[in-house]
Amino acid sequence: MKVAEITRDMFAEAVKKNPVAVFVIGATEAHGPHLPLNSDTVQPMWVAEELDRRFDNLLVLPPMNFGVHSSTRNMPGTVAISFDTMRSVTYDVLTSLFEKGVRKFLVMTGHAGSAHMTACSEACKRFVKETGSKVIFLTDYDVAEEHPSIRGIKGDGHAGLLETSRVMAVCPELVGKERPIGLYSDHGFLVLANAEVCFPEGLAGDTTNASAELGDAVNRYVADKIEEMIRNDLV
């Protein structure tokens with residue numbers, strides 16, 4: 001059930017069933033000229049809502065729509081928060097739910113930048129160490145990359161074929177008609193003040209063959225894999 005849509009008493013009753021709280025961390029981030037700024041939110045939220053249909057004891061929280069950004073930080077539309085803020089918010093949300101009686105968690109982030117992932121991971125590790133709760137932390141992007149139709153495609157990344165297809169399947173009305181091609185520009189170990197130069201076109205990959213059909217197949221694949229994780233490790 002969606003936490004934002006239930007009452008106080010419904011929440012209290014749900015906690016008695018030893019639920020799994022699902023906390024989606026998305027982003028407001030530039031995704032090329034063709035994808036909406038909420039791309040990193042709508043992808044994992046679809047997965048969370050699909051999982052909610054498969055379990056009777058999930059509490060799906062409202063998503064966090066901001067993240068830590070580097071290579072897209074200066075692009076139009078990206079709204080970034082600091083590493084410390086991301087770590088604190090993640091820890092605080094988990095702790096507040098623990099205080100209400102929740103002991104099992106799936107923290108799923110749609111944004112997968114390295115600093116962002118580290119901030120969330122540090123928060124989860126601290127929380128588990130302090131409370132002994134069970135927490136799965138992952139980015140659905142890593143799971144999606146393992147789909148047979150995607151695995152092995154070189155150069156596909158931010159706002160590329162995979163993400164474009166997944167967003168097309170979830171909210172096609174938000175996807176532009178352009179099917180751009182972009183290359184990731186690797187600067188090695190050079191520390192960059194303007195990291196957006198790594199994405200000259202604002203994306204990485206060839207979106208020419210993106211389709212809602214592929215996106216739906218990948219989204220369901222992700223849901224299947226995470227369902228298995230929940231049943232093995234949390235339920």
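Reading the values: rules and limits
Residues numbered from 1 in each chain as written. Predicted model: local features only at pLDDT ≥ 70, side-chain atom pairs only at ≥ 80, totals over all residues. Heavy atoms only, no water. 1 Å grid on protein atoms, 1.4 Å probe; cavity = no way out; pocket = protein on both sides within 12 Å on 5 of 7 lines; lining within 4 Å. Points joined across faces, edges and corners; volume = space filled by probe spheres on them. Helix = DSSP H or I, 4+ residues; strand = E, 2+ residues; numbered from the N terminus. Nonpolar A, V, L, I, M, F, W, Y, C, P; charged D, E, K, R; others polar. Core = buried A, V, L, I, M, F, W, Y, C linked by side-chain atoms within 4.5 Å. Buried < 20%, exposed > 50% of the residue type's maximum accessible area, 1.4 Å probe, protein only. Contact = heavy atoms within 4.5 Å.

*Asks:* What is the right way to look at the layout of surface pockets in this model?
*Replies:* Rolled over the atoms, a probe with the dimensions of a water molecule shows which regions are left empty. Empty space within the largest pocket amounts to approximately 520 Å³. Ser71, His111, Ala112, Gly113 and Phe199 are, among the 25 residues lining the largest pocket, the residues nearest its centre. If one sorts the elements of the lining of the largest pocket by residue count, helix α4 (residues 114–131) sits on top with three residues. When its residues are assigned to classes, the lining of the largest pocket shows nine nonpolar, twelve polar and four charged.

*Asks:* Is there a simple way to explain unusual backbone geometry in this structure?
*Replies:* Glycine aside, residues mostly have negative phi angles, and peptide bonds mostly take the trans form. Positioned with a positive phi, Asn18 is a non-glycine residue whose angle comes to about 55°. Within the secondary structure, Asn18 is located in the loop between α1 (8–15) and β1 (20–25). You will see that Ala159, though not glycine, has its phi angle at about 60°, which is positive. Structurally, the position occupied by Ala159 is in the loop between α5 (140–144) and α6 (161–170).

*Asks:* Any chance you could explain the nonpolar core here in plain terms?
*Replies:* Nonpolar side chains tend toward joint burial in soluble globular proteins. Grouped together as the largest cluster of nonpolar side chains are 38 residues, with contacts concentrated most on Val47, Leu51, Leu106, Met108, Ile226 and Ile230. Of all the secondary-structure elements, those providing two or more residues to this core are β1, α2 (39–54), β2 (58–60), β3 (104–109), β4 (134–139), α5, α6 and α7 (212–233). Among the elements that make up this core, the one with the highest residue count is α7 (seven residues). Apart from residues lying up to four places away in sequence, Val47 is in contact with Met108, Arg166, Asn219, Val222, Ala223 and Ile226. Listed in part, the 25 residues of the second largest apolar core include Val3, Val68, Val102 and Ala119.

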